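Close look at the chain arrangement
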Amino acid sequence: MAKLDLPVVWSDEVLRHLPDAEIWIGVRTPGTELPERATVLRAALVGAGARLVQARPLADELLGQAHDPALVAHLRDIYREWVDGGYLEYQNRVVPYVFPTEAMLEGLPLRRPTAVHARAGQFCYDTMTLVGPGTWPAAQAAAHAAATAADLVAAGERAAYALCRPPGHHATRTGFGGSCYLNNAAVAVLALQRAGVGRVAVIDVDAHHGNGTQSIFYDRADVLYTSVHVDPGAGWFPHYAGFADETGTGAGEGANLNLPIAPGSGDQPWLAGVRRMAEFVAGRADAIVLSLGVDAAADDPESPLQVTEQGYHDTGAILAELGLPAVAVHEGGYHLPTLGSLTVATLTGLTH
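Notes on the structure in this doc start here. Remember, it's a predicted structure, so these values are computed and weren't measured experimentally.

A large share of strand 6 (residues 200–204) lies buried, amounting to 5 of its 5 residues. Of the pairings in the sheet, the one linking strand 6 to strand 7 (residues 223–230) comprises 5 bridges and is parallel in character. Note that in strand 7 the partner of Ala201 across the bridge is Leu224. Here strand 6 pairs with strand 9 (residues 287–292) via 5 bridges, running parallel. If you follow Asp204 over to strand 9, its bridge partner there is Ser291.

What follows is the structure, given as structure tokens:
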């Protein structure tokens with residue numbers, strides 16, 4: 001395989017997030033979003049010839065554009081509040097138990113609860129995405145990596161890869177979940193635009209729909225969002241979003257394209273979706289942000305899709321034909337033995 005010639009943006013801080021567990025249908029299960037994901041990726045990319053670049057603190061002002069500042073403050077402070085409140089006696093991570101959904105409030109104002117155990121669910125929308133002592137520094141570092149990669153591309157690199165962990169595409173403007181805390185892809189978009197790039201297309205090839213990225217830009221005409229993913233209507237996360245009839249609203253009408261595919265799908269339907277996304281973006285964007293998850297692979301435990309390594313290489317190659325500068329931001333992919341090779345294959349296709 002040809003040498004992979006692109007910068008890989010890295011921060012040691014991304015290793016500090018230790019989820020410890022997920023609570024799924026009330027059962028405590030081992031976490032799958034492990035620090036080893038990042039070290040496996042780093043080793044594979046450097047081994048393929050990519051050059052390591054340190055992330056710089058470029059994203060904090062962008063976080064306030066991508067997210068409600070109250071969400072950012074919550075992620076920064078909630079673990080300390082949990083510790084100060086004595087909750088470690090019961091749970092070693094911040095675990096929500098009540099959520100202020102629309103069904104609960106029905107138009108009443110959202111108030112900040114007094115009890116820390118109630119605040120734990122104010123911004124989180126599932127029980128799987130726990131907060132520990134290293135969650136905030138890791139999430140912040142991932143956002144910095146995304147912004148640094150975007151700045152490298154804006155400065156002339158054809159492509160750059162942000163080794164983001166934890167992932168981000170499920171984080172909305174006002175909430176977090178799906179193992180995501182801050183939306184790294186949204187930060188990359190905003191960093192490109194801050195640097196003078198006009199219209200940006202987010203192309204999401206994670207196995208699951210990026211409901212957070214979609215929602216952040218859903219009413220904007222200057223950001224396209226498109227995703228191929230396992231059909232949420234077949235019972236897959238994020239369940240409530242990712243359907244084909246979600247096309248944008250207001251100024252963003254027509255700027256959103258979802259391509260759900262059936263569980264069990266392999267390369268042929270997957271690549272047909274990738275080609276459709278490329279057609280959707282062609283002539284309408286000045287740069288792309290690639291939400292690069294590799295959990296659609298056959299061996300990955302987190303999705304029922306069956307994409308091969310060749311399919312991932314071809315995914316990158318199809319997107320390369322757009323001829324647009326690209327910021328790749330890592331999302332999912334949880335099978336450690338193949339995680340590195342699948343990512344290298346995609347980026348090789350993208351850059352050759």
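The subject of this paragraph is the packing of helix 10 (residues 309–320) against helix 11 (residues 336–351). Packing of helix 10 against helix 11 brings their axes to within 6 Å, and their N-to-C directions diverge by 30 degrees. Classed by the angle they form, the pair helix 10 and helix 11 counts as roughly parallel. Here the hand of the crossing between helix 10 and helix 11 comes out right-handed. Where helix 10 abuts helix 11, its residues Glu309, Tyr312, His313, Gly316, Ala317, Leu319 and Ala320 lie against Ser341, Leu342, Ala345, Thr346, Thr348, Gly349 and Leu350. In the contact of helix 10 with helix 11, the residues fall into 7 nonpolar, 6 polar and 1 charged.

Enumeration according to the criterion identifies 14 salt bridges in this entry. In this structure, the salt-bridge partner of Asp5 is Arg51, at a minimum N-O distance of 2.9 Å. Highlighted residues: Asp5 in the segment before strand 1 (7–10) and Arg51 in strand 4 (residues 51–54), separated in sequence by 46 residues. Residue classification places Asp5 among the exposed residues on the basis of a relative accessible area of 55%. Looking at Arg51, the relative accessible area reads 34%, which means it is partly exposed.

We now examine the environment of Leu75. With respect to the helices, strands and loops of the structure, Leu75 is situated in helix 3 (residues 69–84). Overall, Leu75 belongs to the buried group, its relative accessible area being 4%. Measuring from C-alpha to C-alpha, the distance between Leu75 and Thr39 comes to 24 Å, with 36 residues separating the pair along the chain. Beyond its immediate sequence surroundings of up to four residues, Leu75 is in contact with Trp136, Phe176, Tyr181 and Leu182.

Parameters and conventions
Residues numbered from 1 in each chain as written. Predicted model: local features only at pLDDT ≥ 70, side-chain atom pairs only at ≥ 80, totals over all residues. Heavy atoms only, no water. Buried < 20%, exposed > 50% of the residue type's maximum accessible area, 1.4 Å probe, protein only. Helix = DSSP H or I, 4+ residues; strand = E, 2+ residues; numbered from the N terminus. Pairing = 2+ DSSP bridges. Axes fitted to C-alpha atoms, helices over the stretch in contact; angles between N-to-C directions. Parallel < 35°, antiparallel > 145°, perpendicular 65-115°, else oblique. Left-handed = near helix turned anticlockwise from the far one by under 90°. Contact = heavy atoms within 4.5 Å. Nonpolar A, V, L, I, M, F, W, Y, C, P; charged D, E, K, R; others polar. Salt bridge = Lys/Arg side-chain N within 4 Å of Asp/Glu carboxyl O.

These figures capture arrangement, not role.
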